[in-house]
Amino acid sequence: MSTPVVVTGIGVAAPNGLGAAEYWSATCRGKSGIGEVSRFDARGYPARLAGEVPGFAAEEHLPGRMIPQTDRMTQLALVAADWALADAGVRPKEWPEFDIAVVTASSSGGFEFGQHELQKLWSKGGRHVSAYQSFAWFYAVNTGQISIRNGLRGPSGVVISDQAGGLDAVAQARRQIRQGCALVVAGGVDASICSWGWVAQLTSGRLSTSDDPDRAYLPFDAAAAGHVPGEGGALVILETAGAAIKRGARIYGEIAGYGSTFDPRPGSGREPGLQRAIQLALDDAGLAPGEIDVVYADAAAVPELDRIEAAAIGAVFGVRGVPVTAPKTMTGRLCSGAASLDLVAALLSMRDGLIPPTTNTSPAPDYGLDLVLTDPRSLPVQAALVLARGYGGFNSAIALRRAGSAQLGKKDPG
Amino acid sequence: MITGIGVVAPGGIGVKDFWSLLSEGRTSTRRITFFDPAPFRSRVAAEVDFDPAEHGLGPQEIRRLDRAAQFAVVTAAEAVADSGLAASLDPYRTGVTVGSAVGATMALDREYCVVSDGGRLDLVDHAYAVPHLYDYFVPSSFVKEVAWLVGAEGPATMVSTGCTSGIDAVGYAAGLIREGSADVMVAGASDAPISPITVACFDAIKATTPRNDDPEHASRPFDRSRNGFVLGEGAAMFVLEEYEHARRRQAYAYAEIAGFATRCNAFHMTGLQADGREMSQAIRAALDEARMSPEEIDYVSAHGSGTKQNDRHETAAVKRSLGEHAYRTPMSGIKSMIGHSLGAIGSIEIAACALAIENNLLPPTANLHEPDPECDLDYVPLVAREWPTDAVLTIGSGFGGFQSAMVLRRPG
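Residues numbered from 1 in each chain as written. Chains lettered and ligands numbered in written order. Predicted model: local features only at pLDDT ≥ 70, side-chain atom pairs only at ≥ 80, totals over all residues.

## As for the sheet that holds strand β15 (residues 391-398) of chain B
Within a beta sheet, neighbouring strands are joined by backbone hydrogen bonds and run either parallel or antiparallel to one another.
All names here are of chain B.
At step 1: Spatially, β10-β16-β15-β11-β12 is the arrangement adopted by the five strands of the open sheet, whose pairing is mixed. In this open sheet, the two strands that pair with only one neighbour each are β10 (256-264) and β12 (331-332).
At step 2: As paired strands, β15 and strand β16 (residues 402-409) are joined by eight bridges and run antiparallel to one another. Within β16, the position partnered with Thr394 by the bridge is Met406.
At step 3: Sheet strands in contact with helix α10 (residues 277-290) are β10, β15 and β16, and its direction is about 150° off that of β10. (Pairing = 2+ DSSP bridges. Helix = DSSP H or I, 4+ residues; strand = E, 2+ residues; numbered from the N terminus. Contact = placed C-beta atoms within 7 Å. Axes fitted to C-alpha atoms, helices over the stretch in contact; angles between N-to-C directions.)

## A short note on the interface of chain A and chain B
At step 1: Each partner contributes to the interface: chain A provides 64 residues, whereas chain B provides 69 residues.
At step 2: For the side of chain A that touches chain B, the secondary structure elements donating two or more residues are α4 (111-124), α5 (133-136), α6 (141-150), β6 (157-160), α7 (165-178), α8 (195-202) and β9 (253-262) of chain A.
At step 3: Here the residues of the side of chain A that touches chain B sort into 27 nonpolar, 29 polar and eight charged.
At step 4: Pairing geometry for β6(A) and strand β6 (residues 156-159) of chain B, over two bridges, is antiparallel. For A:Val159, the partnering residue across the bridge sits in β6(B) and is B:Val159. (Nonpolar A, V, L, I, M, F, W, Y, C, P; charged D, E, K, R; others polar.)

## Section: helix α11 (residues 308-322) of chain B
Residue and element names in this part refer to chain B.
At step 1: For α11, built from 15 residues, the straight-helix expectation of 21 Å at 1.5 Å per residue is met to within 8% by its first-to-last C-alpha distance of 22 Å.
At step 2: Every buried residue of α11 is accounted for by Asn310, Asp311, His313, Glu314, Thr315, Ala316, Ala317, Val318, Ser321 and Leu322.
At step 3: Buried residues belonging to α11 abut α10, β11 (299-301), α12 (325-328), β12 and β15.
At step 4: Looking one or two residues past α11, Gly323 carries a phi angle of roughly 65°, positive in sign. (Expected span 1.5 Å × (residues − 1). Buried ≥ 20, exposed ≤ 12 C-beta atoms within 10 Å, placed from the backbone.)

## Some details on the environment of B:Ala45
At step 1: When you line up the elements, B:Ala45 lands in strand β4 (residues 44-46).
At step 2: When neighbours within four sequence positions are excluded, B:Ala45 is seen to be in contact with B:Thr29, B:Ile32, B:Ile194, B:Val230, B:Leu231, B:Gly232 and B:Gly339.

## So, the confidence of the model for chain A
At step 1: On average, residues of chain A score 96 in pLDDT, and 97% of them reach the 70 mark or higher.
At step 2: Between residues 409-414 of chain A, whose pLDDT stays under 50, and residues either more than four places distant or in other chains, the model counts seven contacts. (pLDDT = per-residue confidence, 0-100.)

## Things to note about the pairing of strand β7 (residues 183-190) of chain A
All names here are of chain A.
At step 1: Counting buried residues in β7 gives eight out of eight residues, a clear majority hidden from the surface.
At step 2: Of the two faces of β7, both are covered, the one formed by Leu183, Val185, Gly187 and Val189 as well as the one formed by Val184, Ala186, Gly188 and Asp190.
At step 3: Strand direction decides the pairing type here: strand β5 (residues 100-105) and β7, joined by six bridges, are parallel. Across the sheet, residue Val103 finds its bridge partner in β7, namely Ala186.
At step 4: By the bridge criterion, seven bridges tie β7 to strand β8 (residues 232-240) in an arrangement that is antiparallel. Paired with Val184 across the two strands is Leu238, which belongs to β8.

## Points about the environment of A:Phe135
At step 1: Position of A:Phe135 among the secondary structure elements: in helix α5.
At step 2: Since 25 C-beta atoms lie within 10 Å of it, A:Phe135 is described here as buried.
At step 3: Setting aside its immediate chain neighbours within four residues, A:Phe135 contacts A:Val141, A:Gly144, B:Met269, B:Thr270, B:Phe399 and B:Gly400.

## Considerations on the pairing of β6(B)
Residue and element names in this part refer to chain B.
At step 1: Where burial is concerned, the two faces of β6 agree: the one with Ala156 and Met158 and the one with Thr157 and Val159 are both buried.
At step 2: Of the pairings in the sheet, the one linking strand β5 (residues 94-99) to β6 comprises four bridges and is parallel in character. Among the inter-strand pairings, Gly99 is bridged to a residue of β6, identified as Val159.

## Let's talk about the nonpolar core
At step 1: One finds A:Ala80, A:Val236, A:Val386, A:Ile398, B:Val186 and B:Leu240 to be the most contacted residues of the largest nonpolar core, which totals 304 residues.
At step 2: Looking at which domains feed residues into this core, each of domain 1 (5-246) and domain 2 (257-403) of chain A gives three or more.
At step 3: For B:Leu240, the contacting residues outside a window of four places in its chain are B:Met1, B:Ile2, B:Ala173, B:Ala174, B:Ile177, B:Val184, B:Met185, B:Ala187 and B:Ile257. (Core = buried A, V, L, I, M, F, W, Y, C linked by C-beta atoms within 7 Å. Domains from an automatic or database assignment.)

Shown next as structure tokens:
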């Protein structure tokens, strides 16, 4: 049995709440953060709704010199990292410098920053491009900046697998902990709500063109017609259960199992990989399907993808065999931030015995899912499963176990 | 175990031509031809003369795949063919890891210019977007292309840690095999960054060389006259195979990935401290994982970018970690010949290391006539060297503060 790796800190920047407490309260109340795009004038585009993080003023949280050299996604990530470390009661300066690492996911880098510099290049010439362009847009920037801001010199990394990256980063962090790194800041925080990023996302063919915030993103609904993009995400603090108990840290839950697969090439006639990812995560966790109390779905809201996900959940858990939820109907899909945010919601479900709703959706009965709708469901949650998929065929699943249940029970600090 | 290699490098497409270039100490740097470089400070690059159709890509693939994705697919195909595994891959037990620092930056630069009408439009025009723009937007599409090519359905990810991506992607993949998540990983890295936006941003921080009057000799790691790196492009992909899996089918193995580690300097997004402390930590950790002592290292493949600060930084790091043995160990930099292809180069250097072990021959550092007095190790100047080589250390350093080290060993 490998050393249990647990989450002891959470930092959130979400469209329906800045900070974990605000996000969780909004999510359980069914309060949405989806609205008309405000970061640029989207009226001329086929899709006009987004989940934007409200009321975030970077200068309130970060030194002034950081602002011109960072994209919005990095500003959100730096603040989420600060909150996660504080939540875990970790002051990095008191730790040996090589003991703490950072593993983040990205999906498309600092795209808004990149748009500004590309515009300078093409309209005014190369000499007008910012010196910060050499790093502010690239995919590794959040890890680098979090490392620098906090003096973290451990074995860090960056993974990219579209939405699945938010789980893949946490899984890589767990590997680093098992190989002896003491603490890892992990997860995804993303943003690319700028006209250039918008046009790129439109070509995926998966954006909803509805103007009604309550009807635009309807996963597992017969009327599903794409998703609403959003920005934000979450970072968590990982360490071994033993270390957490020793320093008296609060344990949100254990990263008990992980599975990752890739879909076969379209037209191959082979089965999609999501069900296998679920099975791998459960096996890795040593959990039977019946022990999972809630599944946080990927919830693509593209009929073909919804069908595949419903079939995978049905095959493992049975028809209406497990409560399923997708609170991302309140935030939109946050690129690499989405699954990290779901992971946080699942941990808080275990803490509070409360499953937040999938708002707005009226599930198509033939999917056979027990979707938690409209109101949160009170239910003791001992174990949860979080699913994420990325464009092209990435499938990832993480199984979480509650602190205080079976494996961690005797050692639970309270 | 590395049981297959594919390389696309400037001046050498395919493993054979790549190794000829390195062992003959030729350089492939030249004045930029992809666009008119006249407005830029640095006008030199190492470009690949690459025709995707010649390498089996169809018209639709050529449209859908950014140049870096094309490199990734072509090198993955070469690596899988080289390994002899093609027909017998188990999809569920085969994964993909592709490293890239800047993804589809060439396509994004080009397409931005169109949708913004040359930067005129603040709100870019979606009517002019190409259908595969999302594939350029998310560089993880490279992973998809490689997975489709080889039929992999196991764990698949892109690793993007700036200029250490090429080492980190292979290290990540080796880790997946070690933990039992896959038997075979098709892993490596690709970058094709020679576009105006990349040239402009490196101009802005004076990271690239302005030695425009002498492009063939512009990449000069460890030389007193060095004044910046030469931008390059390319890819290397490998078939990595679990030891028993390779042994059972009596596969030829180039090298074993014996140790890998990475650290962050938490100092500056682009700057390095002169003492090389974090890189030396990574080297020590990689040696520990390999259970090897510094004295067992026969050759060091340097990062050797040719910037003032890098070459001093890594010289210090190697001395700090290998001690006196650093002075007895040849260390060369192939960026002197093929430029710095950002995230890809780490994997291309791993390919060079595997071939150095196979051939007992060390590629030289080209253009090294007068070493910087602060760079006082044996950098194998100008001419390749026959050298018994059983174990190699390769190191890399990247924007964001990443410092990575990998130890490769002759298969036992």
